[in-house]
Amino acid sequence: MARGKLRIYLGAAPGVGKTYAMLSEAHRRVERGKDCVVAFVEHHDRPRTEVMLHGLERVPRAELDYRGARFTEMDVDAVLARRPQVALVDELAHTNIPGSRNAKRWQDVEELLAAGIDVVSTVNIQHLESLGDVVESITGVRQQETVPDEVVRRADQIELVDMSPEALRRRMAHGNIYQPDKVDAALSNYFRPGNLTALRELALLWVADRVDEYLKQYRSEHRVSAIWGSRERIVVGLTGGPEGRTLIRRAARLAEKGAGGEVLAVYISRSDGLTSASPKELAVQRTLVEDLGGTFHHVVGDDIPAALLDFARGVNATQIVLGSSRRKTWQYVFGPGVGTTVARDSGPDLDVHIVTHEEVAKGRGLPVARGARLGRSRVVSGWLVGVIGPAVLAVLLNTVHLGLANDMLLFLTVTVAAALLGGLFPALASAAVGSLLLNYFYTPPLHRWTIADPKNIVAIVIFVGVGVSVASVVDLAARRTHQAARLRAESEILSFLAGNVLRGETGLEELLERVRETFGMESAALLERASDVDPWTCAGRVGVGRPVERPDEADVDMPVGDHMALALTGRVLPAEDRRVLAAFAAQAAVVLDRRRLVEEADQAKELAEGNRIRTALLAAVSHDLRTPLAAIKAAVSSLRSDDVAWSEEDQAELLEGIEDGADRLDHLVGNLLDMSRLQTGTVTPLIREIDLDEVVPMALGGVPEGSAELDIPETLPMVAVDPGLLERAVANLVENAVKYSPPDRPVLVAASAIADRVEVRVVDRGPGVPDEAKDRIFEPFQRYGDAPRGAGVGLGLAVARGFAEAMGGTLNAEDTPGGGLTMVLSLGAAGSRPELLPAGEGTAHRERRIS
């Protein structure tokens, strides 16, 4: 099924006529025979808009109840069942009433489009999601209902419904938009002339960008290479030199003269990465062009004029701004220069501006040939062979003359040897010395710097040419070998960085150490600052040497964005190493951001846990504490009532109810305070040696008579605990066990020694807990099964485990053989904790029923 088409009427503010324009379009389509229905249109009691609904079929709305009120929304199912050709859906950014089919109306529209139904809708510019902050800064109102920009951008047609601020305010004053009682407030607040003008500009610019996207898409689909000057786009060619700032400012002034002018600064580097541009200067120029509202682009190309023109034509630019050449007059022998070439090849559709600046004709370095990278020893050997070798050979040949041809071959051999050892320059020296010796000693007339036979001139020229050719081949081979090795090393480094990006394994310090080792530096540091005026701070540093506090104090600094830099000390790096260093710097920034995100996530997790605890605490206070308070209040009110003569038995029962309620309140508040102490980390146990039978019997005083049995052998070792925390933990365990154990099956509290631990087991015969829930029951505010609210706030087991862990113990749940649940409290024996307070005296073995 073909997807339906979406048409959107976009306005700058309410009342500009979007809905009216949509209904007018509907009437035109109905007249053309289209099946068009009103799925949802809100006329807001505007008479002219309401009149436009006449004659259009309306799909009944769905009615929904929400918070005691009745609302209507678009009935998506009814529209799908009706299946018209065109559906009118007003207010695309509207949030549906809870209980609707979708949360947002634009999601309803997506369903209609997927079903093949064309949709005509409306939206205001302030409802676009990306413009929320901008609109809030203009109007002071944060829009709660938004629609993703991509939904509107995907529309097949977008039509701007425009109206001047003055006309819109007149419509407002005449009562055509809001009710009369709301007009004055609207005109003095949201509908101020400044607000409306700014919103109108936002709408116009947004639609202009959308039109520009359509144009780019059309040119791409139809392969249009010619420039269409629909708007001024000015490309600034940067070389990385100081004149770039002048060019950027000049281009910005040119853009201001035309409507919708745009500045695009482009820096073109060679594919081999060799450049004389200053990375720091490029970073400054990037910041400048972005501050002026332009964009910065980095393009790779060996033919700079061709790459610049290709870029300009690709972005549909109308003008190119270049600086006058910094080359001196004699340097023009190497070519006409970039500016002249671009102006010659630009054609009639591109204007080229050559801007003068202070650096004109002050000279710029020519590309320097990189060394063959043959090693110092080979180069020295090559020079020795190239200079001394021909002299030694000449001495030997003066004793044995083999003829000019053989002499030339021997000198050529020396030249080739010099080329193989030292490269191009030793070979050139050998060829020059050899040719002079051949001319002086072996070419008639002898011992003179002249040559009688022209054939000998040709021979010497060939000799020099062969020597230079061989040296060039050796030099080129050495260069290619070095480049291959370097590229392999760079590939390994970049692969390492890519792996770290994917796995997120390397920390900041480890990455900085890798940078220091890779480039052989003394230290590496990542510096950052909040803004251009704030001081630099060190986010991470490794290595030795002086600490670097600012990027300009380092031997090498690599900017990372506007307010971060990687600073190295030890030596100055060549330009060819900066490409890999830039990758390291970018990765360092990513690692730092990742580390901070993890820290923020941990903090957010702690805050979320704290919020959860506070929410549960409020729920406990509002529900579980209310029950005993209500019982106490009812009993006290009854006792104080003068209308009823209470008997002594009734009074005793009411007083007992008050006492029970107070005890429950005391227990609940105690658990809440204990949980609060655990959550804030203020529980500090006072560990000392003590016998279990000094503490555990007191913990059973809060349970009914006959509900628990105690079994503590006399031979148990003393335990290293805080008596108060242990008593509270055991009391919570026993109370929880008694709550779930059958009345005729008392809870057993038994203790035993295992190695250097002492275990206290609280055994009940209740329903038990599944394995998957055994850990969950120890979480705060958790109650297993269908325990009623009056049974407590679900903190007893959480407090017990918290106290056990604070004393260095553990608390776990196990199944009771034959059914039930056993809580195992494991504590450290006194002998395993040497740093304890003096022990108290033990007591005899107790095995009795607690009452």
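Just so it is clear, the model here is predicted, and its values are computed rather than measured.

S.K.: Help me out: how do you make sense of helix α23 (residues 723-740) in this one?
M.R.: Over its 18 residues, α23 runs 26 Å from end to end, which matches the ideal 26 Å to within 8%, given 1.5 Å per residue. Residues of α23 that are buried: Pro-723, Leu-725, Leu-726, Ala-729, Val-730, Ala-731, Asn-732, Leu-733, Val-734, Asn-736, Ala-737 and Val-738. A side-chain oxygen of the first residue of α23 lies 2.9 Å from the backbone nitrogen of Gly-724; this N-cap is Asp-722.

S.K.: Help me understand the sheet that holds strand β6 (residues 86-89) in this model?
M.R.: Each strand in a sheet pairs with another by means of backbone hydrogen bonds, the pair being arranged parallel or else antiparallel. Pairing is parallel across the open sheet formed by 6 strands, whose spatial order is β3-β2-β6-β7-β1-β8. On the outer flanks of this sheet lie β3 (57-58) and β8 (157-161), each paired with one strand and no other. Two strands pair when backbone bridges link them, and β6 and strand β7 (residues 118-124) are joined in this way by 4 bridges, in the parallel orientation. When the bridges of β7 are listed, Ala-87 appears paired with Val-119. Of the strands in this sheet, β1 (6-11), β2 (36-40), β6, β7 and β8 touch helix α1 (residues 18-31), which is tilted by about 150° from β1. The sheet contacts of helix α4 (residues 105-114) involve β1, β2, β6 and β7, and relative to β6 the element is tilted by about 180°.

S.K.: Any chance you could explain a positive patch on the surface here in plain terms?
M.R.: Taken together, the side chains of Arg-249, Arg-250, Arg-253 and Lys-257 make up a positively charged region of the molecular surface. Relative to the helices and strands, Arg-249 resides in helix α10 (residues 244-257). Owing to a relative accessible area of 41%, Arg-249 belongs among the partly exposed residues under this scheme.

S.K.: How should the confidence of the model for the chain be read in this particular structure?
M.R.: Any segment with low pLDDT has predicted coordinates that should not be analysed in fine detail. Residues with a pLDDT of 70 or more make up 80% of the chain, whose mean pLDDT is 79. Under a pLDDT of 50 for its full length, residues 363-372 has, in the predicted model, 16 contacts with residues more than four places off or in other chains. Below a pLDDT of 50 lies the segment residues 785-791, which in the model reaches 8 contacts outside its immediate sequence neighbourhood of four places, other chains included.

S.K.: Teacher, can you tell me more about the sheet that holds strand β15 (residues 537-543) here?
M.R.: One open sheet accounts for 4 strands, arranged β15-β14-β17-β16; its pairing is antiparallel. Across the chains shown, the open sheet's two edge strands, defined by having one partner strand only, are β15 and β16 (556-559). Taken pair by pair, the neighbouring strands of this sheet meet at an average axis angle of 15°, ignoring direction. Of the pairings in the sheet, the one linking strand β14 (residues 523-528) to β15 comprises 6 bridges and is antiparallel in character. In the strand pairing of β15, Glu-528 is matched with Thr-537. Sitting on the sheet, helix α18 (residues 508-519) touches β14, β15 and β17 (564-569), and the angle it makes with β15 is about 55°.

S.K.: Teacher, can you tell me more about the side chain of Asn-102 here?
M.R.: Tracing the backbone through its elements, the reader meets Asn-102 in the loop between β6 and α4. For Asn-102, a relative accessible area of 17% corresponds to the buried category. Discounting chain neighbours no more than four positions away, the residues touching Asn-102 are Asn-96, Gln-107, Asp-108 and Glu-111.

S.K.: Help me understand a negative patch on the surface, please; the structure alone is not making it clear to me.
M.R.: The grouping of Glu-648, Glu-649, Asp-650, Glu-653, Glu-656, Glu-659, Asp-660, Asp-663 and Asp-666 at the surface amounts to a negative patch. As for its position among the elements, Glu-649 is in helix α21 (residues 648-680). Given a relative accessible area of 59%, Glu-649 falls into the exposed group.

S.K.: Help me out: how do you make sense of the pairing of strand β4 (residues 62-66) in this one?
M.R.: Moving residue by residue along a regular strand, the side chains alternate between the two faces of the sheet. Sheet topology note: the β4/strand β5 (residues 69-73) ladder contains 5 bridges and is antiparallel. Bridge pairing links Asp-65 to Arg-70 in β5. Where β4 folds back onto β5 in an antiparallel hairpin, the turn is made up of 2 residues, including Arg-67, whose phi is positive at roughly 55°.

Definitions and limits used
- Residues numbered from 1 in each chain as written.
- Predicted model: local features only at pLDDT ≥ 70, side-chain atom pairs only at ≥ 80, totals over all residues.
- Heavy atoms only, no water.
- Helix = DSSP H or I, 4+ residues; strand = E, 2+ residues; numbered from the N terminus.
- Expected span 1.5 Å × (residues − 1).
- Buried < 20%, exposed > 50% of the residue type's maximum accessible area, 1.4 Å probe, protein only.
- Polar contact = N/O pair within 3.5 Å; in protein donor to acceptor, adjacent residues only side chain to side chain.
- Pairing = 2+ DSSP bridges.
- Contact = heavy atoms within 4.5 Å.
- Axes fitted to C-alpha atoms, helices over the stretch in contact; angles between N-to-C directions.
- Patch = residues over 30% accessible without salt bridge, like charges linked within 9 Å, V, L, I, M, F, W, Y side chains within 5 Å.
- Areas by Shrake-Rupley, 256 points an atom, 1.4 Å probe, with all protein chains shown as cover.
- Salt bridge = Lys/Arg side-chain N within 4 Å of Asp/Glu carboxyl O.
- Lys, Arg positive; Asp, Glu negative; His and termini not counted.
- Charge placed at Lys NZ, Arg CZ, Asp CG, Glu CD.
- pLDDT = per-residue confidence, 0-100.

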